[in-house]
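# Topology and contacts: notes
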Amino acid sequence: KAGVTQTPRYLIKTRGQQVTLSCSPISGHRSVSWYQQTPGQGLQFLFEYFSETQRNKGNFPGRFSGRQFSNSRSEMNVSTLELGDSALYLCASSLTGGSNEQYFGPGTRLTVT
Amino acid sequence: QKEVEQNSGPLSVPEGAIASLNCTYSDRGSQSFFWYRQYSGKSPELIMFIYSNGDKEDGRFTAQLNKASQYVSLLIRDSQPSDSATYLCAVNLLTGGFKTIFGAGTRLFVKA
């Protein structure tokens, strides 16, 4: 069974631009969660989607948004990029979310200059 | 108090020894507990999950959960240099809806 895929793997943007990252979960998994990982803050929860609905949200500004499609694929968008948004963005898929175990994709390394 | 706390390490053990990694959590109602291994430059990889009090063994790994003490641990037997990585403890919190909170991770070095 194929794992979680994320595209693109690397991205360089300048301040003020916006970016869209994509995640395809494991086949049959309906929950997708997004995390930001930085050396200083560790892994921080952004949001979780299940059946095209955002079920939970972390403490990030409104510049960070996401959506999920009917095939469970998910995208996250960051608008008006700031230098501090440079991070590894990880997507994790789970069968139904909640207390189920999550499996991570390889991540998208975003660098904002 | 942080929701999930781990000793950042580094924890250094000789090859063949038992590595013991610890994690405490604040939400007494938490139901699910996970250990992930993350190599430098890679994404986290799920290695163990535990839902009930007690021990759960999988190969060289044993997860231990004590809900009364709000404590979960990971033991790695016969540690190998390839086990050198950062180990992340994750807890599924009930507060504010189901969401998984990660500890900052413990760096483990296994010396050959």
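The notes below deal with the structure included here. Owing to the predicted nature of the structure, the values given are computational and were not obtained by experimental measurement.

## What about the interface of chain A and chain B?
Facing 16 residues of chain A, the contacting portion of chain B comprises 17 residues. Contact between chain A and chain B buries roughly 1,400 Å² in total, counting both sides, with carbon and sulfur atoms accounting for 53%. Run the count over chain A and chain B and you get zero salt bridges. Taken together, chain A and chain B are joined by five residue pairs in polar contact (both at pLDDT 80 or more). If you list the elements that add at least two residues to the side of chain A that touches chain B, you get β4 (31–38), β5 (42–50), β6 (53–57) and β10 (103–104) of chain A.

## What to know about the packing of aromatic side chains
Enumeration over the complete set of coordinates arrives at 11 aromatic pairs over all chains. Their ring planes at 65 degrees and their centres at 5.8 Å tell us that Tyr35(A) and Phe45(A) sit as a pair that is edge-to-face. Taken as a pair, Tyr35(A) in strand β4 and Phe45(A) in strand β5 lie far apart in primary sequence, 10 residues in all. Here Tyr35(A) falls in the buried class, since its relative accessible area comes to 1%. When its relative accessible area of 7% is taken as the criterion, Phe45(A) is described as buried. Seen in terms of ring centroids, Tyr36(B) and Phe102(B) are 5.4 Å apart; in terms of plane orientation they differ by 50 degrees. Their pairing is tilted. Note that Tyr36(B) is positioned in strand β4 (residues 32–38) and Phe102(B) in strand β10 (residues 99–102), a separation of 66 residues in sequence.

## Some words on the pattern of salt bridges
All names here are of chain A. For the structure shown, the criterion picks out eight salt bridges over all chains. Here Glu 48 ties to Arg 55 by a salt bridge, and the two come within 2.7 Å at their closest N and O atoms. Glu 48 sits in the buried class, given a relative accessible area of 4%. A salt bridge links Arg 63 to Asp 85; the nearest nitrogen and oxygen atoms lie 2.8 Å apart.

## Examining unusual backbone geometry
In this structure, the amide linkage connecting Thr7(A) to the following residue, Pro8(A), adopts the cis form with an omega of -10 degrees. Here Pro8(A) is to be found in the loop between β1 (5–7) and β2 (10–13). Here the bond from Gly9(B) into Pro10(B) is cis, since omega is 10 degrees, no more than 30 degrees from zero. With respect to the secondary-structure elements, Pro10(B) resides in the loop between β1 (4–6) and β2 (11–14). Phi angles above zero are rare outside glycine, and Ser72(A) is one such case at about 80 degrees. Among the structural elements, Ser72(A) can be located in the loop between β7 (64–68) and β8 (74–78). A residue is classified by how much of its surface remains accessible, and Ser72(A), at 12% relative accessible area, is buried. The residue Asp78(B) is not glycine, and still its phi comes out positive at about 50 degrees. Counting through the fold element by element, Asp78(B) comes out in the loop between β8 (71–76) and β9 (85–93).

## Quick notes on empty space enclosed by the protein
Across all of its chains, the model carries one cavity of 30 Å³ or more by this definition. Approximately 80 Å³ is the volume found for the largest cavity. Together, 13 residues line the largest cavity, and Ser33(A), Glu48(A), Gly98(A), Gln102(A) and Thr100(B) are the ones closest to its centre. For the lining of the largest cavity, the secondary-structure elements that each account for two or more residues are β4 and β5 of chain A together with β10 of chain B.

## Points about the sheet that holds strand β7 (residues 61–66) of chain B
Residues and elements named next belong to chain B. Strands sit in the order β1-β3-β8-β7-β6 across an open sheet of five strands; the sheet is antiparallel. Two strands in the sheet have a free side with no partner beyond their single neighbour: β1 and β6 (54–58). The mean angle between the axes of side-by-side strands here comes to 20 degrees, regardless of whether they run parallel or antiparallel. Bridge analysis of β1 against strand β3 (residues 19–25) gives three bridges, and the strand direction is antiparallel.

Reading the values: the criteria
Residues numbered from 1 in each chain as written. Chains lettered and ligands numbered in written order. Predicted model: local features only at pLDDT ≥ 70, side-chain atom pairs only at ≥ 80, totals over all residues. Heavy atoms only, no water. Contact = heavy atoms within 4.5 Å. Buried area = accessible area lost by both parts, 1.4 Å probe. Salt bridge = Lys/Arg side-chain N within 4 Å of Asp/Glu carboxyl O. Polar contact = N/O pair within 3.5 Å; in protein donor to acceptor, adjacent residues only side chain to side chain. Helix = DSSP H or I, 4+ residues; strand = E, 2+ residues; numbered from the N terminus. Phe/Tyr/Trp six-rings, centres within 6.5 Å; stacked < 30°, edge-to-face > 60°. Buried < 20%, exposed > 50% of the residue type's maximum accessible area, 1.4 Å probe, protein only. 1 Å grid on protein atoms, 1.4 Å probe; cavity = no way out; pocket = protein on both sides within 12 Å on 5 of 7 lines; lining within 4 Å. Points joined across faces, edges and corners; volume = space filled by probe spheres on them. Pairing = 2+ DSSP bridges. Axes fitted to C-alpha atoms, helices over the stretch in contact; angles between N-to-C directions.

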